[in-house]
Amino acid sequence: MARRRTEAAEHIAALLRTARSALGLSLAFITRLDGDTQHLEVVESVFPPIFRDGSTRPWHDSLCKAIADGKLPAVIPDLRKFPEAMRLPAARIPRIRSYISVPVVLSDGTTYGTFCAAGFGADKELSRRDEALMRVLSQAAALIVEPGARQRARHTEIAARIDPVVAAGGPDIVLQPIVDLASGRRIGAEALSRFPRAWASTPDRHFAEAHEIGSGDELEILALRRAAELLEASDDQGYVAMNVSPNTLLTPECLHALARMPLDRIVLELSEHQQVEDYDLLKGALAPLRAGGLRLAVDDVGAGFSSLRHIVLTQPDVLKLDRSIVAGVAADPVLQVLVRALTDLATATGAAVVAEGIETSADATALAGLGVAYGQGFHFGRPDHPARLRDRY
Ligand code: C2E
Ligand code: CA
Ligand code: CA
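Residues numbered from 1 in each chain as written. Chains lettered and ligands numbered in written order. Predicted model: local features only at pLDDT ≥ 70, side-chain atom pairs only at ≥ 80, totals over all residues. Heavy atoms only, no water.

1. Side note on the site of ligand 1
At step 1: Near ligand 1 there are 22 residues, and of these Gln176, Ser193, Arg194, Glu359 and Phe378 occur at the shortest range.
At step 2: The separation between an oxygen atom of ligand 1 and a polar side-chain atom of Ser193 is 2.6 Å.
At step 3: Contact between ligand 1 and Phe378: an oxygen atom at 2.8 Å from a main-chain N or O atom of the residue.
At step 4: Secondary-structure elements contributing two or more residues to the shell around ligand 1 are β8 (186-194), α5 (203-212), α6 (216-233), β9 (239-244) and β11 (295-301).
At step 5: With 4 residues, β8 is the largest single contributor of residues to the shell around ligand 1.
At step 6: Broken down by class, the residue content of the shell around ligand 1 amounts to 8 nonpolar, 5 polar and 9 charged. (Near = heavy atom within 4 Å. Polar contact = N/O pair within 3.5 Å; in protein donor to acceptor, adjacent residues only side chain to side chain. Helix = DSSP H or I, 4+ residues; strand = E, 2+ residues; numbered from the N terminus. Nonpolar A, V, L, I, M, F, W, Y, C, P; charged D, E, K, R; others polar.)

As structure tokens, this is what we get:
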């Protein structure tokens, strides 16, 4: 079945038709080079077509490579005059007798592939002027394929990092203590994913990249599973807070995975960064899990996203105050008013408040004074290996 062409492919096809008709040849096509494979991405040919869009051929014994290597000229009016060409499989493709191939070069100087035309008969008229036209058309084609090429390269680069993590069963998980501000006693811990240090970025970035290449849901669910395994391995009675994005949460795979976890010891943290598209859907999907004891937290409250509406519609068990309204609260009257207001809101709706990003004892004391019951931050403990958390608290 013929594949539907993308808009970019349609533009390329127009250039190929120009090449084919201006040169009076039977066939014109653009190839993308990938290792030893030439992808004939778009093919414009007289009927009947001998290649289709997306067909592939080996590069090493192609006419294009012989031309690129300088073993054959870019313009070949009659293949039969070149023994080198006649030895190649392309010469056995029904009646290809004339050929012209120029490289497609991207703006960074890398070669994308080739821009070619071929005739089923010898064509003595084929000339250097035709090559000049092909080069101009090839430059136009390069502009069109460039965005797709960049995206493919990015996809490949991300997959090279994410795929092995998925294959290994997910990221490593560290735990950060969540404490009762009045007693200092640990009541739970937040599970945070850790990726190789060399990636030099925060986990939320890696999850976002995984979503870009379609692996995000799987990666998030693996992280949830790993966090749940920690719960099962520990004999203390605290809860584990786990992060999940709303869209991943709504996948059947995620709901299914959660349903098999010890729900009454899990707080699910939904960030405000990602928009919830349909609160009724979310509510419906979560209802059986919440009935099974799962608690829901709204993460990053006060970070300046959809705040109040999100809180009201999610009906969370826990509000997590974002570091941006927590750090420095002891010395900032405006933050104090904000924290007090959010704490009152939480109390009125029966939700508990956890302040995160507490780095000083002054802030911890101030927060307790403002009615915040629980806290999390470097002041109490950094995210650390699960075994060390248990040793310390
Ligand atoms: P988050 O859920 O808001 O997690 C809290 C972040 O604050 C963590 O960053 C934690 O290390 C950091 N933090 C905790 N206490 C302090 C403090 O006192 N001071 C400062 N400056 N920072 C503190 P981390 O581990 O880099 O995680 C960043 C984000 O990545 C998380 O933000 C969360 O949105 C996301 N993330 C991490 N693990 C997972 C996961 O397994 N699944 C999903 N979906 N997202 C995750
Ligand atoms: Ca969180
Ligand atoms: Ca947070």
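From this point, the narrative continues.
2. Considering unusual backbone geometry
At step 1: Although it is not a glycine, Asp300 adopts a positive phi angle of roughly 60°.
At step 2: With respect to the helices and strands, the residue Asp300 is situated in strand β11.
At step 3: One non-glycine residue, Gln315, adopts positive backbone phi at about 50°.
At step 4: Its relative accessible area of 45% is what places Gln315 among the partly exposed residues. (Buried < 20%, exposed > 50% of the residue type's maximum accessible area, 1.4 Å probe, protein only.)

3. Concerning the coordination of the calcium ion (ligand 2)
At step 1: Listed as protein donors to the calcium ion (ligand 2) are Glu190 (OE), Asn243 (OD1), Glu269 (OE) and Asp299 (OD); their distances from the metal cover 2.1 to 2.3 Å.
At step 2: Between the two metal centres, the calcium ion (ligand 2) and the calcium ion (ligand 3), the spacing is 3.9 Å, with Asp299 acting as a shared donor. With Asn243 in strand β9 and Glu269 in strand β10 (residues 266-270), the pair connects residues that are 26 residues apart, well separated along the chain. (Donors = N, O, S within 2.8 Å, 3.2 Å for Na, K, Ca; no water.)

4. Topic: the coordination of the calcium ion (ligand 3)
At step 1: Protein ligation of the calcium ion (ligand 3) involves Asp299 (OD), Asp300 (OD), Glu356 (OE) and Glu356 (OE), the donor distances falling in the range 1.9 to 3.1 Å.
At step 2: Between the donor residues of the calcium ion (ligand 3), the gaps in sequence give the motif D-D-x55-E.

5. A short note on the pattern of salt bridges
At step 1: Applying the stated criterion across every chain yields a total of 20 salt bridges.
At step 2: Two residues, Arg5 and Glu44, come together in a salt bridge whose shortest N-O distance is 2.7 Å. A residue pair is termed long-range when its members are at least 10 positions apart, and Arg5 in the segment before α1 (7-23) and Glu44 in strand β2 (residues 37-45) qualify at 39 residues.
At step 3: Relative accessible area serves as the criterion here: at 22%, Arg5 is assigned to the partly exposed category. (Salt bridge = Lys/Arg side-chain N within 4 Å of Asp/Glu carboxyl O.)

6. Observations concerning the environment of Leu219
At step 1: Within the secondary structure, Leu219 sits in helix α6.
At step 2: Classification of Leu219 by relative accessible area gives buried; the value is 0%.
At step 3: Each C-alpha atom of the pair Leu219 and Arg185 lies 32 Å from the other, and the pair is 34 residues apart in sequence.
At step 4: Ignoring any residue separated from it by four or fewer positions in sequence, one finds Leu219 in contact with Ile162, Val165, Val166, Pro171, Phe195, His206, Phe207 and Ala210. (Contact = heavy atoms within 4.5 Å.)

7. Topic: the packing of aromatic side chains
At step 1: Applying the stated rule across the entire model yields 4 aromatic pairs.
At step 2: Ring centres of Phe195 and Trp199 lie 5.6 Å apart, and the angle between their planes is 20°; this geometry places the pair in the stacked category. Like Phe195, the residue Trp199 is buried in the burial classification.
At step 3: Of the aromatic side chains, those joined through ring pairs into one cluster are Phe29, Phe51 and Tyr99.
At step 4: Over the ring of Trp199 we find Arg161; its NZ or CZ atom is 5.2 Å from the centre of that ring. (Phe/Tyr/Trp six-rings, centres within 6.5 Å; stacked < 30°, edge-to-face > 60°. Lys NZ or Arg CZ within 6 Å of the ring centre and 35° of its normal.)

8. As for the nonpolar core
At step 1: Counting 43 residues, the largest nonpolar core has Ile162, Leu219, Leu224, Met242, Leu249, Leu258 and Leu268 as the members making the most contacts within it.
At step 2: The greatest single-element share of this core, amounting to 9 residues, is contributed by α6.
At step 3: Those residues in contact with Leu268, other than ones at most four positions away along the chain, are Leu224, Met242, Val244, Leu249, Leu258, Leu294, Arg295, Leu296 and Ala297.
At step 4: Ranked by size, the runner-up nonpolar core spans 26 residues in total, among them Leu25, Val75, Ile100 and Leu137. (Core = buried A, V, L, I, M, F, W, Y, C linked by side-chain atoms within 4.5 Å.)

9. Some points on α5
Within an α-helix, residues lying three or four positions from one another point in the same direction, as the helix has 3.6 residues per turn.
At step 1: Taken together, the buried positions of α5 are occupied by His206, Phe207, Glu209 and Ala210. Mapping the buried residues of α5 onto a view down its axis gives an arc of 160°, with all of them on the same face.
At step 2: For α5, the elements touching its buried residues are α4 (128-167), β8 and α6.
At step 3: Gly214 sits one or two residues past α5 and shows a positive phi near 85°. (Arc of directions from axis to C-beta.)

10. As for the side chain of Asp363
At step 1: Mapped onto the secondary structure, Asp363 falls in helix α13 (residues 361-369).
At step 2: Here the side chain of Asp363 touches Gly328 through a polar contact of 2.7 Å, landing on its backbone nitrogen.
At step 3: Setting aside its immediate chain neighbours within four residues, Asp363 contacts Val326, Ala327, Gly328, Val329, Ala330 and Ile358.

11. A closer look at the domain arrangement of the protein
Interface size is commonly expressed as the accessible surface area that is lost when the partners come together.
At step 1: As far as domains go, the protein holds domain 1 (7-156) and domain 2 (168-388).
At step 2: A separation of 54 Å is found between the C-alpha centroids of domain 1 and domain 2. (Domains from an automatic or database assignment.)

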